[in-house]
Protein chains: 2
Amino acid sequence: MPAMTELPGAGVTRRHFLEKAALLGGSAMVMTALNAWGAGIASMTSAPPALRGSGAGHKLLILGAGVAGMTAAYEMSKLGYQVTILEARAFGGGRCQTARKGFKLTELGGEEQECKFDEGQYLNHGPWRIPFCHRSTLHYTKTFGIPLEVLVNENDASYARFDTVKGPLAGKRVRQFEVRADMRGYTSELVAKAATSGKLDTGLAKDDVELFVEYLRGEGYLENDLSYRGTEGRGYKVNPGAGIDDPGPGVPSTPYAFPDLVQSKLWRMVQSVGTFDQQHTMFQPVGGMDRIAKGFEKHVGHLIKYNAEVERIRQSDGGVTVDYLDTKTGKRSTISADYCLCTIPVSVLRTIDADFSDTYKQAMALLSYDPVCKIGLQMKRRFWEEDDAIYGGHVYTDAPGINLISLPSSGWQSAKGVLLGYYMFGADATDMSGNTPAERTAIALDVGQRIFPQYKENFETSFSASWHLIQYNLGGWGNWSAEARKVAYPVLNKPDRRIYLAGEHISYIGGWQAGAIESAWHQIAQIHQRVAA
Amino acid sequence: MPAMTELPGAGVTRRHFLEKAALLGGSAMVMTALNAWGAGIASMTSAPPALRGSGAGHKLLILGAGVAGMTAAYEMSKLGYQVTILEARAFGGGRCQTARKGFKLTELGGEEQECKFDEGQYLNHGPWRIPFCHRSTLHYTKTFGIPLEVLVNENDASYARFDTVKGPLAGKRVRQFEVRADMRGYTSELVAKAATSGKLDTGLAKDDVELFVEYLRGEGYLENDLSYRGTEGRGYKVNPGAGIDDPGPGVPSTPYAFPDLVQSKLWRMVQSVGTFDQQHTMFQPVGGMDRIAKGFEKHVGHLIKYNAEVERIRQSDGGVTVDYLDTKTGKRSTISADYCLCTIPVSVLRTIDADFSDTYKQAMALLSYDPVCKIGLQMKRRFWEEDDAIYGGHVYTDAPGINLISLPSSGWQSAKGVLLGYYMFGADATDMSGNTPAERTAIALDVGQRIFPQYKENFETSFSASWHLIQYNLGGWGNWSAEARKVAYPVLNKPDRRIYLAGEHISYIGGWQAGAIESAWHQIAQIHQRVAA
């Protein structure tokens, strides 16, 4: 996921904020907005806008039955709008997909893959994580009663191996807690010793320096002399157990040398706290991410025309007209509506014959889409649990095209498991995706084998997806450059006459389902406000 | 749980270790031992000893159907031993209990409590966590097919509030990620600036100093000028969302001032890595910890005499004789066996009429037991999830008698929930337990209310347990002082003639089910070795 690093100073004032909120609807909306300002993490992004009045007698055409489109359909049909969704695929959900036995995918220019996982095994090749702070997504899992389970997004006991670095730790498999404990331990030792000897000006009052050193002692598990000599938290050489010395207290592990660690660059894994959308508690729907798609479909499925590929979009003063092809029957049809919410990814939308204004088209041209690819590898035995005592979480590697290996957070201690063999974005993803599915598998297995000697002998079958090569997506997610965010994003947030855009790309939560949902909430409020006016 | 801070240098050598292992059984045991030395975290504590031969014709009497006793019964009956277990309670599991609707508990000198939680709600008032490194416990959850789910043992988004500290953060509710991000951010800034200006001697070569500063920049989310000015990982004031500025990019939060944080002592929550047994991945059985007790009972329940209170223990050269009272019928009986494995907590055992040697009795006298208490509070609404976006994890407070409030890691987004209102050990636990259940509840609610204004209005019913006041336990867990570990622990690891002790107290994993299991594994190997000799 793109980090929110482009985040500007955000000049919105409280008054401006409340005015905006009040405009949009009832008191619930204002209350939510007030909470946002008063209570820290809560925000107006946690519930759909409370819209007054009725949409009865107004036709809304939604393009795309992904999470954004179905969100809009769900909320607007409740308001009385006459909603139709055109969906190019034979199923709803957009990128919210789960590959199971029998699932088929043919990438552009590629061969057909059919998923051969065992019953009960799956890969979320699209979105796979729901962070606790994505309250909009959690609003719908709750509304639809979709059972959640924890996705272990950080596992200190998991491995890392960096090969392209210097020093004795290059090419060595380590446990992540070793690196975190040692880097923070040595750093704490440095600071504590310098601060107590007066060599480091902390800017703190004398009493506070003592407290600060107490902090460092705890943070770094320092000895009485303020040295770091390891800690049980970096793992034992032999775990403690029963008996007097077999193993009895166990055998402590020895820290890595500070310079070796510094050279290893393994500290790239170490951050004070996770970024906003990577923190605990991370969820996944029990049984697969597409449970969310199915949850929406249960309510709005009757509004969807499946296999409906949009070919032409035209607007008049009075409405929007869309020509579409039924890819199953080959029949062409036309549909008209008062307003249109278009959730087709801009990567695809700009290839469709549409009479958007030049300004709009120019803005669309400025949005780039990230290549993103994933592979699922079914293993006949959960060797990472059984042999290595690693339960979920990610294995980090700097091997080209892999980025991370992620271990499943479901079916604990069961026989088989599907692990994520790579999750790659950017140029490396383009390279990896240039391979056939069999070649991708071979590369993933080679890298995995370097980390887990049990990898290849346990491999059974794979399924891979490259979103930039998937016909109706042509990219994993929209990626705004700082410049495009400034000049193009505001344009695409406004309608082009009667067409509004929505989707993860029309938000500051790009690449996440929450972005799709919240953009839909935002745009339906705009449409409803216009209809009511 | 007692931390492993008393851990000595552990002088065991590889050769000694393998000799011990080879003595005890077949090649599987040696293999496990070899793995322990070769592969880091794996240890001989991950599977029961591979014992050769048969125990047929030998009677083994086990006192206590807790996790240790049932482990021994399960393994030894498989070997052919004629096993009987005497259990004082009407159910197996020992401290491995779960309080649900109808569960009754009368503490010493107290009134009877009957649990009034709704169906499906429960409190694990005994053990509640299974860390990934407790492979022995996980061996049996796997063997018995007990479904596990993640227990969120660390939640950066959860609250903390310290009242007994100085400065502007005293009595203020904060999110834990604010403290971690800010303390590590300011520390990283200090070190990075001092290291680059040459004021801090890092002991690193010049090139490595640059890498080290790169580490600090990542760890502390430092700006280009190496200053810390906050990060999205400490939460937003308004979360990012959709739209241009409503909320659009959101509103960043402002770090606390460094001296304020230092004075707040909130950094007590911050450690480089969790201690060994507190790390990810942490599990709980789906539905309650007593699923483990039931798993064992399914296999060894037919060997258990329930309601059998041990009154007298005698040994002769040829065997062990135990008198017991059937507390249901009032009938007294006597049972004899070739060997006895006694898993009765030493806190209780030393009150029983037994002819242990003076050395043994003196050793038993040196083992202290920790007062431990817990309370479950059923809340009619999961306000911590709905209003505060906190999903599991612990809330830390320095309010007397509370220590932590822990939020449930099951039933996500469901209507009700039972949270752990306090989990206290030591002197504070004794104080708290001196109150009636109603008084305990009132104290827990008062403290909780200071952190969550929704606390009292959502409270429905409570259930509390104080292990030091429970007849057949008289303490939460054994706590060895450094001196007692040296002089008394080795004595109790050896048999007193034909009686062997087992339980969490006869291990270096005190207070955990893994200690109970591994002590049983250790002692049955000793018994079998003696029988085979």
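Residues numbered from 1 in each chain as written. Chains lettered and ligands numbered in written order. Predicted model: local features only at pLDDT ≥ 70, side-chain atom pairs only at ≥ 80, totals over all residues. Heavy atoms only, no water.

K.L.:
Please explain the pattern of salt bridges as it appears in this structure.
P.N.:
Where charged atoms of side chains with opposite charge meet at close range, the side chains can pair. All names here are of chain A. This structure, assessed with the given rule, holds 55 salt bridges over all chains. A salt bridge links R100 to D290, with the nearest nitrogen and oxygen atoms 2.8 Å apart. A residue pair is termed long-range when its members are at least 10 positions apart, and R100 in the loop between β2 (82–86) and β3 (104–106) and D290 in helix α8 (residues 290–300) qualify at 190 residues. The exposure class assigned to D290 is buried, which follows from its relative accessible area of 8%. (Salt bridge = Lys/Arg side-chain N within 4 Å of Asp/Glu carboxyl O. Helix = DSSP H or I, 4+ residues; strand = E, 2+ residues; numbered from the N terminus. Buried < 20%, exposed > 50% of the residue type's maximum accessible area, 1.4 Å probe, protein only.)

K.L.:
Which parts of the structure should I look at to understand the relation of the copies chain B and chain A?
P.N.:
Two copies of a chain can be linked by a rotation about an axis combined with a shift along that same axis. Rotating chain B by 180° about the axis while translating it 0.0 Å along that axis superimposes it on chain A, leaving an RMSD of 0.0 Å. Overall, the copies show the geometry of a two-fold rotation axis. Considering only C-alpha atoms, the residue of chain B closest to the rotation axis is V150(B), which sits at 3.2 Å. Mapped onto chain A, 100% of the interface residues of chain B are again interface residues, and the two copies thus contact each other with one and the same surface. (Least-squares fit on C-alpha atoms with pLDDT ≥ 70 in both. Contact = heavy atoms within 4.5 Å.)

K.L.:
Looking at this structure, how should I read the packing of helix α3 (residues 67–78) of chain B against helix α17 (residues 513–532) of chain B?
P.N.:
Axis angle and axis distance: for two packed helices, these are the angle between their axes and the distance between the axes, and together they describe the pair. All names here are of chain B. The contact between α3 and α17 brings their axes to 8 Å, and the two run at 40°. The angle between α3 and α17 falls in the class oblique. In this structure, α3 crosses over α17, and the sense of that crossing is right-handed. Here V67, A68, T71, A72, E75 and M76 of α3 lie close against α17, whose contacting residues are Q513, A516, I517, A520, W521, I524 and I527. (Axes fitted to C-alpha atoms, helices over the stretch in contact; angles between N-to-C directions. Parallel < 35°, antiparallel > 145°, perpendicular 65-115°, else oblique. Left-handed = near helix turned anticlockwise from the far one by under 90°.)

K.L.:
What should I look at first to understand the nonpolar core in this one?
P.N.:
Counting residues in hydrophobic clusters, the biggest one holds 176 residues, and the most contacted among them are F212(A) and F212(B). Those residues in contact with F212(A), other than ones at most four positions away along the chain, are V191(A), T202(A), L204(A), M183(B), T187(B), L190(B), F258(B) and V262(B). (Core = buried A, V, L, I, M, F, W, Y, C linked by side-chain atoms within 4.5 Å.)

K.L.:
Sorry, what's going on with the packing of aromatic side chains here?
P.N.:
Two aromatic rings, taken as a pair, are described by how far apart their centres are and by the angle between their planes. Under the criterion given, the structure shown has 56 aromatic pairs over all chains. Pairing W128(B) with Y423(B) gives two aromatic rings, centres 5.4 Å apart and planes at 85°, and the pair type is edge-to-face. One end of the pair, W128(B), is in the loop between β4 (112–114) and β5 (130–131); the other, Y423(B), is in strand β22 (residues 417–425), with 295 residues separating them in the sequence. By the burial criterion, W128(B) is buried, and Y423(B) matches it. Seen in terms of ring centroids, F383(B) and W384(B) are 5.0 Å apart; in terms of plane orientation they differ by 85°. Their pairing is edge-to-face. Since its relative accessible area comes to 0%, F383(B) is described here as buried. For W384(B), a relative accessible area of 0% gives the class buried. Pairwise contacts between aromatic rings join Y186(A), Y228(A), F258(A), W267(A), F212(B) and Y215(B) into one cluster. Its guanidinium or amino end placed over the ring of Y508(A), R485(A) lies 3.8 Å from that ring's centre, counting from NZ or CZ. (Phe/Tyr/Trp six-rings, centres within 6.5 Å; stacked < 30°, edge-to-face > 60°. Lys NZ or Arg CZ within 6 Å of the ring centre and 35° of its normal.)

K.L.:
Is there a simple way to explain the sheet that holds strand β2 (residues 82–86) of chain B in this structure?
P.N.:
Within a sheet, neighbouring strands are paired by backbone hydrogen bonds and run either parallel or antiparallel to one another. Ordered in space as β12-β2-β1-β16-β25 (chain B), the 5 strands form an open sheet in which the pairing is parallel. Every other strand in the sheet has two partners, leaving β12 (304–305) and β25 (499–501) of chain B as the edge strands with one partner each. (Pairing = 2+ DSSP bridges.)

K.L.:
What am I meant to see in the domain arrangement of chain A here?
P.N.:
The extent of an interface is frequently quoted as the accessible surface area lost upon association of the parts. All names here are of chain A. Examined at the domain level, chain A breaks down into domain 1 (14–90 + 306–367 + 479–532), domain 2 (104–154 + 279–289 + 371–469) and domain 3 (175–273). Distance between the C-alpha centres of domain 2 and domain 3: 33 Å. If you look at the interface, domain 2 gives 7 residues, while domain 3 gives 4 residues. For the pair domain 2 and domain 3, the summed buried area comes to about 370 Å², and 43% of that belongs to carbon and sulfur atoms. Seen at the junction of domain 2 and domain 3, the total is 0 salt bridges. The tally of links between domain 2 and domain 3 comes to 2 residue pairs in polar contact (both at pLDDT 80 or more). Here the side of domain 2 that touches domain 3 is built from residues that sort into 4 nonpolar, 2 polar and 1 charged. (Domains from an automatic or database assignment. Buried area = accessible area lost by both parts, 1.4 Å probe. Polar contact = N/O pair within 3.5 Å; in protein donor to acceptor, adjacent residues only side chain to side chain. Nonpolar A, V, L, I, M, F, W, Y, C, P; charged D, E, K, R; others polar.)

K.L.:
Any chance you could explain the sheet that holds strand β6 (residues 148–150) of chain A here in plain terms?
P.N.:
Residue and element names in this part refer to chain A. The strand order across the open sheet built from 3 strands is β5-β11-β6, with neighbouring strands paired in antiparallel fashion. At either margin of the open sheet sits one strand with a lone partner, and together these are β5 (130–131) and β6. Where β5 meets strand β11 (residues 282–285), 2 bridges bridge the pair, whose relative direction is antiparallel. Across the sheet, P131 pairs through a bridge with M282, a residue of β11.

K.L.:
How do you make sense of the UniProt feature "domain: Amine oxidase" (unreviewed entry) in chain A when you look at a structure like this?
P.N.:
The residues that UniProt annotates with the feature "domain: Amine oxidase" (unreviewed entry) are residues 67–522 of chain A. The distance from the first to the last C-alpha atom of residues 67–522 of chain A is 14 Å, and the span holds 30% helix and 22% strand. (UniProt positions renumbered as here; feature names shortened; annotations may be inferred.)

K.L.:
Where do I start with the pairing of strand β14 (residues 319–326) of chain A in this structure?
P.N.:
Strand residues, when the strand is regular, have side chains that alternate between the two faces of the sheet. All names here are of chain A. Among the 8 residues in β14, 6 count as buried, and that is most of the element. Of the strand pairs in this sheet, strand β13 (residues 308–316) and β14 are connected by 8 bridges, and their pairing is antiparallel. Each residue of the ladder has a partner; that of I313, found in β14, is V322. Count of turn residues in the β13/β14 antiparallel hairpin: 2 residues. Bridge count between β14 and strand β15 (residues 332–337): 6 bridges; the pairing is antiparallel. Counterpart to V322 in the pairing with β15 is I335.

K.L.:
In this structure, what is going on with the packing of helix α5 (residues 176–196) of chain B against helix α6 (residues 206–219) of chain B? I would like to understand it.
P.N.:
Residue and element names in this part refer to chain B. Close contact between α5 and α6 brings their axes to 9 Å; oriented N to C, the two are set at 160°. Overall, the two elements α5 and α6 adopt an arrangement that is roughly antiparallel. Once α5 is placed against α6, the crossing between them reads as left-handed. Across the interface between the two elements, R184, S188, V191, A192, A195 and T196 of α5 pack against V209, F212, V213, L216 and E219 of α6. Classifying every residue of the contact of α5 with α6 by side-chain character gives 7 nonpolar, 2 polar and 2 charged.

K.L.:
What should I look at first to understand unusual backbone geometry in this one?
P.N.:
All names here are of chain A. The amide bond that connects D246 to the next residue, P247, takes the cis arrangement and shows omega of 5°. Here H280 and T281 are connected by a cis peptide whose omega angle stands at 0°. By secondary structure assignment, the location of T281 is in the loop between α7 (258–264) and β11. Notably, Y221 is not glycine yet its phi reads approximately 50°, a positive angle. Inspection of the secondary structure puts Y221 in the loop between α6 (206–219) and β9 (236–238). The exposure class of Y221 is buried, given its relative accessible area of 16%. Even without a glycine there, the phi angle at A389 is positive, about 55°. Here A389 is to be found in the loop between α11 (383–386) and β20 (393–397). For A389, a relative accessible area of 1% corresponds to the buried category.

K.L.:
Would you explain helix α10 (residues 358–365) of chain A in this entry?
P.N.:
For the α-helix, the turn length of 3.6 residues means that residues three or four positions removed from each other point alike. Residue and element names in this part refer to chain A. All of the buried residues along α10 are Y360, A363 and M364. Each buried residue of α10 sits inside an arc of 100° when the element is viewed along its axis, so together they form one side. Among the exposed residues of α10, those pointing more than 90 degrees away from its buried face are D358, Q362 and A365. Looking at the buried positions of α10, the neighbouring elements they touch are α9 (346–349), α16 (489–493) and β25 (499–501). (Arc of directions from axis to C-beta.)

K.L.:
Is there a simple way to think about the interface of chain B and chain A in this case?
P.N.:
On the side of chain A, 115 residues touch chain B, which itself brings 113 residues to the contact. Surface buried jointly by chain B and chain A totals about 10,300 Å² across both partners, of which 63% is contributed by carbon and sulfur atoms. There are 4 salt bridges connecting chain B and chain A. Applying the counting rule to chain B against chain A returns 36 residue pairs in polar contact (both at pLDDT 80 or more).

K.L.:
Is there a simple way to think about the confidence of the model for chain A in this case?
P.N.:
Low-pLDDT stretches of the model should not have their predicted coordinates read in fine detail. All names here are of chain A. Residue-level pLDDT values for chain A average 91, and 92% of them are 70 or greater. For residues 1–44, every residue scores under 50 in pLDDT, and the model assigns this stretch 90 contacts once sequence neighbours within four places are set aside. This complex was scored by the predictor with a pTM of 0.92 and an ipTM of 0.91. (pLDDT = per-residue confidence, 0-100.)

K.L.:
Mind showing me how you'd approach the side chain of D370(B) here?
P.N.:
Residues and elements named next belong to chain B. Tracing the backbone through its elements, the reader meets D370 in the loop between β18 (368–369) and β19 (372–379). Comment: no salt bridge for buried D370; closest opposite-charge side chain is R95, at 10.0 Å. In contact with D370, not counting residues within four places along its chain, are G475, G476, W477 and N479. (Lys, Arg positive; Asp, Glu negative; His and termini not counted.)

K.L.:
What should I look at first to understand the environment of Y391(A) in this one?
P.N.:
Residues and elements named next belong to chain A. Here Y391 shows up in the loop between α11 and β20. By relative accessible area, Y391 is classed as buried at 5%. Remark: the alpha-carbon pair of Y391 and R129, spanning 262 residues in sequence, is separated by 17 Å.

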